Amino acid sequence: MLTVDDYWKRCADGEFAVQQCSNCQTWRFPLSPLCPVCLSREFSWEQPSGKGTVWSWIRMHQRYFPAEDFEVPYEVAFIQLDEGPFLISGFAAGELPQIGDRVEVVFEMNKRGDQLLPKFRTAA
Amino acid sequence: MGRVAIIGVGTTPFGSLYRDRDATRSDYDLAAWAFAEAVADAGIEKDEIDGLFTARVGSYNRMADMLGLQRPTVINGYEAAGRMSGVAVQAAAAMIESGQATTIALVYGNNGRSAGVKYGGDAYSSPTAPYDAAYGMTSPGAYVSVMYQRYKHLFGAPEDALAPLAINNRANGALNPNAVMRTPITTEEYLAARFVAEPLRLFDYCLINDGGVAIIMTTEERAKQLGGPVITMEATAAAGDLSNFYSSRDFYYESAKSVADRVYQRAGITRDQVDVAQIYDNFTPTILLSLEGFGFAQPGRAWDWVRDGRIELGGELPINTSGGHTAESYMQGWALHVEAVRQLRGDQGERQVKDAEISQYICVAPIVTSHIFRRQS
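Residues numbered from 1 in each chain as written. Chains lettered and ligands numbered in written order. Predicted model: local features only at pLDDT ≥ 70, side-chain atom pairs only at ≥ 80, totals over all residues.

## Describing the interface of chain B and chain A
- Contacts between the two partners involve 28 residues from chain B, matched on the other side by 26 residues from chain A.
- In terms of residues, the side of chain B that touches chain A owes the most to one element, helix 6 (residues 140–155) of chain B, which gives seven residues.
- Split by residue class, the side of chain B that touches chain A holds 13 nonpolar, eleven polar and four charged.
- Relative to strand 5 (residues 195–198) of chain B, strand 4 (residues 51–60) of chain A runs antiparallel, the two sharing two bridges. Bridge pairing in strand 5 of chain B places Met60 of chain A opposite Ala197 of chain B. (Contact = placed C-beta atoms within 7 Å. Helix = DSSP H or I, 4+ residues; strand = E, 2+ residues; numbered from the N terminus. Nonpolar A, V, L, I, M, F, W, Y, C, P; charged D, E, K, R; others polar. Pairing = 2+ DSSP bridges.)

## A few points about the packing of helix 2 (residues 27–42) of chain B against helix 3 (residues 60–67) of chain B
Residues and elements named next belong to chain B.
- At a minimum axis separation of 10 Å, helix 2 and helix 3 run at an interaxial angle of 45 degrees. Considering their axes alone, helix 2 and helix 3 lie oblique with respect to each other. Of the two possible hands of crossing, helix 2 and helix 3 adopt the one that is right-handed. Residues Tyr28, Ala31, Ala32 and Phe35 of helix 2 touch helix 3, and the partners they reach there are Arg62, Met63, Met66 and Leu67.
- Classifying every residue of the contact of helix 2 with helix 3 by side-chain character gives seven nonpolar, no polar and one charged. (Axes fitted to C-alpha atoms, helices over the stretch in contact; angles between N-to-C directions. Parallel < 35°, antiparallel > 145°, perpendicular 65-115°, else oblique. Left-handed = near helix turned anticlockwise from the far one by under 90°.)

## Observations concerning the domain arrangement of chain B
Residues and elements named next belong to chain B.
- According to the domain assignment, chain B contains domain 1 (1–117 + 208–228) and domain 2 (134–205 + 234–377).
- The gap between the C-alpha centroids of domain 1 and domain 2 is 23 Å.
- Every contact between the two is made by 23 residues of domain 1 and, on the other side, 28 residues of domain 2.
- Top element by residues in the side of domain 1 that touches domain 2 is helix 4 (residues 83–97). It accounts for seven residues. (Domains from an automatic or database assignment.)

## A look at the domain arrangement of chain A
All names here are of chain A.
- For chain A, the assigned domains read domain 1 (1–47) and domain 2 (49–124).
- Centre-to-centre, using C-alpha coordinates, domain 1 lies 20 Å away from domain 2.
- At the interface, eight residues of domain 1 touch ten residues of domain 2.
- If you list the elements that add at least two residues to the side of domain 1 that touches domain 2, you get helix 1 (4–12) and strand 2 (27–28).
- Each residue belonging to the side of domain 1 that touches domain 2 can be placed in one class, and the counts come to six nonpolar, one polar and one charged.

## What about the environment of Asp261 of chain B?
- Looking at where Asp261 of chain B falls in the secondary structure, it is placed in helix 10 (residues 253–267).
- The sequence separation of Asp261 of chain B and Gly228 of chain B amounts to 33 residues, and the corresponding C-alpha distance is 31 Å.

## Considering the confidence of the model for chain B
- On average, residues of chain B carry a pLDDT of 97, and 100% of them reach 70 or more.
- The ipTM assigned to the predicted complex is 0.98, against a pTM of 0.97. (pLDDT = per-residue confidence, 0-100.)

## Overview of the nonpolar core
Residues and elements named next belong to chain B.
- Counting 149 residues, the largest nonpolar core has Ala31, Ala92, Leu106, Ala214 and Ile215 as its most contacted members.
- At ten residues, the largest contribution of residues to this core is made by helix 2.
- Those residues in contact with Ala92 that sit more than four places away from it in its chain are Gly51, Phe53, Ile104, Leu106 and Met217. (Core = buried A, V, L, I, M, F, W, Y, C linked by C-beta atoms within 7 Å. Buried ≥ 20, exposed ≤ 12 C-beta atoms within 10 Å, placed from the backbone.)

## Some thoughts on unusual backbone geometry
- Here the bond from Phe29 of chain A into Pro30 of chain A is cis, since omega is 0 degrees, no more than 30 degrees from zero.
- With respect to the helices, strands and loops of the structure, Pro30 of chain A is situated in the loop between strand 2 and strand 3 (43–46).
- In this model, Arg56 of chain B sits at a positive phi of 75 degrees, which is unusual for a non-glycine residue.
- By secondary structure assignment, the location of Arg56 of chain B is in the loop between strand 2 (51–55) and helix 3.

As structure tokens, this is what we get:
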């Protein structure tokens, strides 16, 4: 069975990859056992362009997670990849792109230092 | 086919339960309390009830046994999501109209405060929670904030755009003896309050409190025999806008518009005829999206439309007359349904909308629902 680790272990290797349907080439995120377009269960892990657009973002002030993980306030980004899927992410350190800005993926270590995360910075 | 009527509504106290901070309460107990109130309100014998819908409580088995309703003809159990209150009421109406049952009790119990529910953090589940948490993203409010940030950006809504909504709820709560929050607030107080998930501030957020709500529905024919004001459900409609995120790409506009078109057409009214509306407000931006999707305001302009008192008591469209989810009680739409009925009975004291004949419930969320209620003369 697919688990979220299948995604994160690729991130740990610095590889931003999501599922792509082998039948109709539709990209999908989060993990799903079948293609929502053609219902095929055949897929492969593929690296999208890594380019996307900032749909929106927020600044979280409420402390929902331990201080060792996040220093409030912090920004959270909602990105649409050029390939279609939306995902929650973060902005690269020191960056605050605006809604509609073009961005690209970059890897950064989390605060605890135990997980490499795909984040986004203003596209070159 | 005859119409469906709401003959009984019941609520637990909200304000007094909130002030007693040490109490630990059970969701079943709260639901049962409201059920007893609704049965007394309807003036019927409990044994007349042949349908039981439960919401938020863990098990309809336990609930049925506790209420002494072991052999109902129809049973539905709904999850603890606010969008489900409208769905449940809609399903109950359909069951009564089709003759599957005659008199259905819908019971809801919420012990969120006693149970320490946070609606965010490690215990929070959503389709993308295992990914979101790595970035500190969590909670339905944060997702609505994501959507509102974009709305604000696209439509030029100012910093205090949501203030009239929070202020209106508190002003109405001040007139509701049962409301949790009864102190009015000003724009300055709204702006001075802390951010939770910026751009949303404290007063944009619903409460977390304990309470129960029950509603009893039956045929209009049966309602007429009971002697009180007859409140009918004239129409109901729904539409999904479902994704992995509590953020709609078009601010739920198309789904809300579709529900609006159908619910007004089925009720045979125009939106101008609505005397009072109860609009789902887990977070204040959803009120703006509702007013736009249902055509009261132009897309992107509801923040401006609400600024001049239109939504207040005495205004063109009084909304959330009980104080809504940010002042009366966070009963996930259930208490808004009750208020929609009570306003038509015409006995709501200081917060009564004068001569209210038609009320509307609106919930704009991943499942958009709306109903039109009417007092029959």
